[in-house]
Amino acid sequence: AFILRTSLTVFVESFHAPKCRGYYQGKEAYDAWMEGLSREEDFELTNDGTNALRRLGVNDSMLCTLIDARRAAALWLQDNVGLLSGEEQGHLGRMAANCQSIADMLSAFRGRLRRAAACALTYNGKKETGASAAALRREQIGLLENARRLDEESCRLAELVLKSQGGQSR
């Protein structure tokens, strides 16, 4: 139970953490990511193809990281549901479902990118495709807004669990 409380505390604190050493975290990271995707001039392949492809590669890498993190979190949370009882058990189960929803929707989007994207990317020695079309980036922004909303809900649920367990909340 100590590890669960500690992990939930870290989740809550990370979600609300401010920018640090030039890097956005938590909710602010979602906002910065969506803002970056909305700057069409940064993705003009004809103007600055090298930087546009780099941005597309970073975006794809971030998608992979978020998918992996939420999939792992969903499994871990589900494995720990039994440590709690009553309403707190339901909160943890809902958090696991939220994480799985984020992983599933972003994974499905990334799978569609492979079929729909107009340009290929190569990074880390691997060939991928990216959200090279404005419509795909707008769709991704909508998915990230949904992911942020689900993470916000999970954060509130984590705070409820921590409060009921006598742990720290924000």
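Just so it is clear, the structure is predicted and the values come from calculations on it, not from any experiment.

## Some words on a nonpolar patch on the surface
Alright, step 1. Taken together, the side chains of Phe2, Ile3 and Trp76 present a nonpolar region at the surface, about 350 Å² in accessible area.
Alright, step 2. With respect to the helices, strands and loops of the structure, tryptophan 76 is situated in helix H3 (residues 45–80).

## A short note on the pattern of salt bridges
Alright, step 1. Going through the model one piece at a time under the given rule, you end up with nine salt bridges.
Alright, step 2. Among the salt bridges present, the one from aspartate 60 reaches arginine 110, with a minimum N-O distance of 2.7 Å. One end of the pair, aspartate 60, is in helix H3; the other, arginine 110, is in helix H4 (residues 86–116), with 50 residues separating them in the sequence. When sorted by exposure, aspartate 60 lands in the same class as arginine 110, which is buried.
Alright, step 3. Here aspartate 151 makes a salt bridge to arginine 70, at a shortest N to O gap of 2.8 Å. With aspartate 151 in helix H5 (residues 134–164) and arginine 70 in helix H3, this pair connects stretches of sequence that are 81 residues apart. We note that aspartate 151, like arginine 70, is buried.
Alright, step 4. Each of Glu35, Arg39 and Asp42 takes part in a single network of salt bridges with overlapping partners.

## As for the packing of helix H2 (residues 26–38) against H5
Alright, step 1. Contact geometry of H2 with H5 gives a least axis separation of 9 Å together with a crossing angle of 170 degrees. When the interaxial angle is binned, H2 and H5 end up roughly antiparallel. Where H2 approaches H5, its residues Lys27, Tyr30, Asp31, Trp33, Met34, Leu37 and Ser38 are matched on the opposing element by Arg137, Gln140, Ile141, Leu144, Glu145, Ala147, Arg148, Asp151 and Glu152.

Conventions we followed
- Residues numbered from 1 in each chain as written.
- Predicted model: local features only at pLDDT ≥ 70, side-chain atom pairs only at ≥ 80, totals over all residues.
- Heavy atoms only, no water.
- Patch = residues over 30% accessible without salt bridge, like charges linked within 9 Å, V, L, I, M, F, W, Y side chains within 5 Å.
- Areas by Shrake-Rupley, 256 points an atom, 1.4 Å probe, with all protein chains shown as cover.
- Salt bridge = Lys/Arg side-chain N within 4 Å of Asp/Glu carboxyl O.
- Helix = DSSP H or I, 4+ residues; strand = E, 2+ residues; numbered from the N terminus.
- Buried < 20%, exposed > 50% of the residue type's maximum accessible area, 1.4 Å probe, protein only.
- Axes fitted to C-alpha atoms, helices over the stretch in contact; angles between N-to-C directions.
- Parallel < 35°, antiparallel > 145°, perpendicular 65-115°, else oblique.
- Contact = heavy atoms within 4.5 Å.

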